[in-house]
Amino acid sequence: MKVYVSGLYSGGNPQPGVGIVRSVRQGFPFATIVGVEYSNRVSGIHWEDLDELWIQRPWSELDLDAYGAQVRGVLDEGGLWISGSDLEAMWLASIFPDGHRNLLAPPNGAFKRITKPSVEAADKLPVEVPTFISTDLPDWELHAFCRAHNWRVWLKGPYYDAARTPTWDRFIAARDALTKVWSTDRLFLQAHVSGYEESVMLAAYQGELLGCVSMRKRDITPEGKTWAGDVSPVDPKFEEPLREMVRDLNWTGGGELEMVRDAAGQRWLLEMNPRFPAWVHGATIAGHNLPALLVQAAAGVNARRAKPLASEFTRVVLEVPVRDEFPLPALPEPFAGAIGHSMKHPSGLTSLAERLHKADAELIGIAEEEAVADGIPQVPETFLDDIAAYDLERLQTPEFLYMGSTAEQLFRRAGERAHRLSTNEVQVVSGYSIKTNPDERLIGLALENGFLAEAISLLEVQKALKVGFRPDQVILNGPGKWWPEGMMPKERLHAVFCDSVADLDRCVDALATGEMDSRHVGIRIRTPNVVSRFGIPLDSPGTFRALVEAVERLPAHVAFGVHFHMASSNIGVAQWWHLFESMLKWCRAIEQLTGRTIEILDMGGGWFPDDWHSSDESRFVRAVERVKAVLPRVTQIVSEPGKAMAQPSMALAMRILEIQEHEDDSIEAVVDGSIAELPMYAFQPHRILRQCGESGALQPLGRGKTHLMGRLCMEHDIVATNVALPEGTRAGDVLIFCDAGGYDRSMSYVFGRG
């Protein structure tokens, strides 16, 4: 009996080949086991149980037709082949679409039904599939998905690899890397599921389930790979539908269902692998030798029965002798900036992915996913109307465009919402964050629509007064509220919130001396369990005691209040509302310990426009009711939407300076804008429009291969990646970056303007 086994890479993220070899050797001590690899850099080729080695050229160099004929010869002569690589198994399925009696890997049709993330074939199993979306969708919608899932999301490709993307810049970087490595932009974002990871491994031959076993990960590597686990039989309620699935797929070979079990006991299916997992020999140690069962079924020779040694396994690192005929490769040449070279895919699997795509884009069913989206975002009509009012041909770019009707609509709707949420007992009012964009037109709209002005410095206070706010319509907070000295209004302010105990003590002194007057004086509390540099911390008895003692020093004639702030766009919408509930409880504790009742509650902020303006209003109605229930003496709630008001209110126009096409089909276009005008490029998507040179129409840009390079001589001055420039785009055309009226505008700087 001769058994060929591939997938022998044995690094920190190992393939299953060595585990398969060990298990086959245990079941068939006298079998001839041939290790198949595509590089002599794969450490597993030196494993002692291998009788022979069949080392091929790397996948990037192989003549696939000739190699396929060789494999067919091996199988026809009676050799058995167990693939330890997803991509190799897919390629074999293309050579043997209906299988081969000695090929112990799934047939072509099975692959198309286990394509992740949906895993159609598993619909009868007692599992759920975590929410996911294709990255073919516009960046605007991908960002919304991340916010909706509190930035606890994974970016995954169709083969290997997954990257946690807790921020937008991490997502962009991971998308670029996965796209290049695996030669596909058909990636997907999937919501994270909290729980314990577990797997079910199976072996089947020609549609008959030979065995299956369950494993819980008990220790994992930093990449989340199994290092130790406990092994147990599969629940019959899972095994029976699994048996039906295997039969339906006519499955042959090993397989693995990777899952997470949440706190409620629900199993969530992450993916199904068309091969044995790397922990395969851990199951053999526990008495479940599935590779031996597979060989037994194909060869008709009984395997030596596995004796369970333990129900748990762990890994150790072993040094093994290097075979004389395959000495270690020469050291790589050092090169500038290198900090090492990846050993993850030494056999060129990434090249195989590229070749498979070119040979047959539908090979693994990727092309059969939902209709390919073009990545073009929806652009509000008010954006188009506002931009159309500008003569873009005469515009001196780069230039910010004030979106007048858009801004008026947003402020009016916010004012009306606050009015609707107000009750006889509690007034709800919006606060305009001046730092988000100090443009006087926006501050004026805030005044017209009943907002309060939220300032973080005395300069901002003076700006609000200049536009027309009265002092008693101004809220002052932040760590630098006394800067610059000598500009504090003598009149009574609406509210002052202190960022520290020292700040509170200074306010108490200022009230006593008449240096400052305010109707409300309160504290900003630091968000527990969500990292922030602002506010007074609550998470230690000592600091909490200091807070209570400081509040007790407040004079009785001023009303007391609490302010908390955390950007929902950074932590996610659901997480923000969870934080809101937590803060109410902390407020109640402060009331009880200080004896001061809270009369004003100021809540922010950093809302992404879509989340704040499109959110179900009933959520805000319930929030007001919760405040009334927990803090019944609150008479005013200040809601600070932050960038939700300013971000859509301006766009940035820039002009294309030159376009260069490269041999790899990528395009680089240099624009006269830069990260100096668009500093939030890495933190949020921007909807981009191009004015058609012929018709003058505004065309939203979808996803493509163009990188928009800023004018600055800076390596990181790239204002957009992977966009599609419409046909006919040329130097001189104007691009409009929407959604640039928040921190893009307020944090823009003059670098590179002379």
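Cut-offs and rules
- Residues numbered from 1 in each chain as written.
- Predicted model: local features only at pLDDT ≥ 70, side-chain atom pairs only at ≥ 80, totals over all residues.
- Heavy atoms only, no water.
- Pairing = 2+ DSSP bridges.
- Helix = DSSP H or I, 4+ residues; strand = E, 2+ residues; numbered from the N terminus.
- Axes fitted to C-alpha atoms, helices over the stretch in contact; angles between N-to-C directions.
- Core = buried A, V, L, I, M, F, W, Y, C linked by side-chain atoms within 4.5 Å.
- Buried < 20%, exposed > 50% of the residue type's maximum accessible area, 1.4 Å probe, protein only.
- Contact = heavy atoms within 4.5 Å.
- Phe/Tyr/Trp six-rings, centres within 6.5 Å; stacked < 30°, edge-to-face > 60°.
- Lys NZ or Arg CZ within 6 Å of the ring centre and 35° of its normal.
- Parallel < 35°, antiparallel > 145°, perpendicular 65-115°, else oblique.
- Nonpolar A, V, L, I, M, F, W, Y, C, P; charged D, E, K, R; others polar.
- Patch = residues over 30% accessible without salt bridge, like charges linked within 9 Å, V, L, I, M, F, W, Y side chains within 5 Å.
- Areas by Shrake-Rupley, 256 points an atom, 1.4 Å probe, with all protein chains shown as cover.
- Salt bridge = Lys/Arg side-chain N within 4 Å of Asp/Glu carboxyl O.
- Lys, Arg positive; Asp, Glu negative; His and termini not counted.
- Charge placed at Lys NZ, Arg CZ, Asp CG, Glu CD.
- pLDDT = per-residue confidence, 0-100.

With parallel pairing, the 4 strands of this open sheet are ordered in space as E3-E2-E1-E4. The sheet is open, and its two edges are formed by strand E3 (52-55) and strand E4 (80-82), each paired on a single side. Averaged over all pairs of adjacent strands, the angle between their axes in this sheet comes to 25 degrees, without regard to strand direction. In the sheet, strand E1 (residues 2-6) pairs with E4 via 3 bridges, with the strands oriented parallel. Bridge pairing in E4 links Tyr-4 to Trp-81.

In this structure, Tyr-432, Met-516, Ile-523, Ile-525, Phe-580 and Leu-601 are the most contacted members of the largest nonpolar core, which totals 78 residues. Ranked by the residues each element gives to this core, the list is headed by helix H18 (residues 573-594), at 8 residues. If we skip the residues at most four places from it in the chain, Tyr-432 touches Phe-411, Asn-437, Leu-442, Ile-443, Ala-446, Phe-451, Leu-452, Ala-453, Glu-454, Met-645 and Ala-646. Val-71, Val-74, Phe-111 and Leu-652 belong to the second-largest nonpolar core, a separate cluster that totals 66 residues.

Attention now moves to the pairing of strand E26 (residues 688-691). Regular strands place their side chains on alternate faces of the sheet. With burial as the criterion, each face of E26 is covered, one bearing Ile-688 and Arg-690 and the other bearing Leu-689 and Gln-691. Strand direction decides the pairing type here: E26 and strand E30 (residues 734-737), joined by 3 bridges, are antiparallel. Residue pairing across strands places Ile-688 opposite Phe-737, the latter belonging to E30. Note: E26 against strand E27 (residues 698-700), 3 bridges, orientation antiparallel. Paired with Leu-689 across the strands is Pro-700, a residue of E27. Between E26 and the antiparallel strand that follows it, E27, lie 6 residues; Gly-696 among them carries a positive phi value of about 80 degrees.

Next up on the list: the packing of aromatic side chains. Within the structure shown, the criterion is met by 26 aromatic pairs. Taken together, a centroid distance of 5.9 Å and an interplanar angle of 65 degrees make the contact between Tyr-4 and Trp-54 edge-to-face. In this pair, Tyr-4 is assigned in strand E1 and Trp-54 in strand E3, connecting sequence segments 50 residues apart. Aromatic pair Trp-577 and Phe-620: ring centres 5.6 Å apart, planes at 75 degrees, arrangement edge-to-face. With Trp-577 in helix H18 and Phe-620 in helix H20 (residues 617-630), the pair connects residues that are 43 residues apart, well separated along the chain. The pair Trp-577 / Phe-620 is uniform in exposure class, with both members buried. Looking at Arg-417, its charged tip hangs above the ring of Trp-612, at a distance of 4.8 Å from the centre. The ring of Trp-140 carries the charged tip of Arg-687 above its face, separated from the ring centre by 3.6 Å.

Attention now moves to the packing of helix H11 (residues 381-388) against helix H12 (residues 404-421). At a minimum axis separation of 7 Å, H11 and H12 run at an interaxial angle of 140 degrees. By the angle between their directions, the pair H11 and H12 is classed as oblique. In this structure, H11 uses Thr-382, Phe-383 and Asp-386 to contact H12, whose residues at the interface are Gly-404, Ser-405, Thr-406 and Gln-409. In terms of residue class, the contact of H11 with H12 is made up of 1 nonpolar, 5 polar and 1 charged.

Turning our attention to the side chain of Ser-214. As for its placement among the helices and strands, Ser-214 is situated in strand E10 (residues 208-220). In this structure, Ser-214 is in contact with Ser-199, Val-200, Asp-230, Val-231, Ser-232, Pro-233 and Val-234, ignoring residues within four places of it in sequence.

Our next topic: a negative patch on the surface. On the surface, Glu-661, Glu-663, Asp-664, Asp-665 and Glu-668 cluster together into a negatively charged patch. Tracing the backbone through its elements, the reader meets Glu-661 in strand E24 (residues 650-661).

What follows concerns the environment of Trp-607. Counting through the fold element by element, Trp-607 comes out in the loop between strand E22 (598-604) and helix H19 (609-613). Overall, Trp-607 belongs to the buried group, its relative accessible area being 3%. Expressed as a C-alpha distance, the spacing of Trp-607 and Thr-513, which sit 94 residues apart in the sequence, is 38 Å. Contacts of Trp-607, omitting those with residues within four sequence positions, involve Ser-568, Val-573, Trp-576, Trp-577, Trp-612, Glu-640, Pro-641, Lys-643 and Ala-644.

Bringing the sheet that holds strand E20 (residues 518-524) into the picture now. Strands sit in the order E16-E17-E18-E19-E20-E21-E22-E23 around a closed barrel of 8 strands; the barrel is parallel. Looking at each pair of strands side by side, their axes are set apart by 25 degrees on average, direction ignored. Alignment of E20 against strand E21 (residues 559-565), held across 5 bridges, turns out to be parallel. Counted as the bridge partner of Arg-524 is His-563 from E21. Across the sheet, helix H14 (residues 458-467) lies against strand E17 (452-455) and strand E18 (474-476), angled at about 175 degrees from E18, the strand it touches most.

Before going further, it helps to examine the environment of Arg-25. Structurally, the position occupied by Arg-25 is in helix H1 (residues 17-27). Owing to a relative accessible area of 15%, Arg-25 belongs among the buried residues under this scheme. Placed 200 residues apart in sequence, Arg-25 and Lys-225 show a C-alpha to C-alpha distance of 25 Å.

We now examine the confidence of the model for the protein. The predicted model of the protein averages 92 in pLDDT, with 96% of residues at 70 or higher. Low pLDDT, under 50, characterises residues 338-343; the stretch is placed with 5 contacts to residues that sit more than four places away or in other chains. The model gives residues 365-371 a pLDDT under 50, and that stretch makes 15 contacts with residues more than four places away or in other chains.

This next bit is on the pattern of salt bridges. With the rule as written, the count across this model stands at 35 salt bridges. Among the ionic pairs, Asp-139 bridges to Arg-175, the shortest N-O distance being 2.8 Å. Here the residue Asp-139 occupies a position in helix H5 (residues 139-148), and Arg-175 occupies one in helix H6 (residues 168-182), the gap between them amounting to 36 residues. Given a relative accessible area of 5%, Arg-175 falls into the buried group. When the shortest N-O distance is used, the salt bridge between Glu-208 and Arg-247 registers 3.5 Å. Taken as a pair, Glu-208 in strand E10 and Arg-247 in helix H7 (residues 236-249) lie far apart in primary sequence, 39 residues in all. Beyond isolated ion pairs, a larger network of salt bridges with shared partners links Arg-216, Arg-218, Asp-230 and Glu-312.

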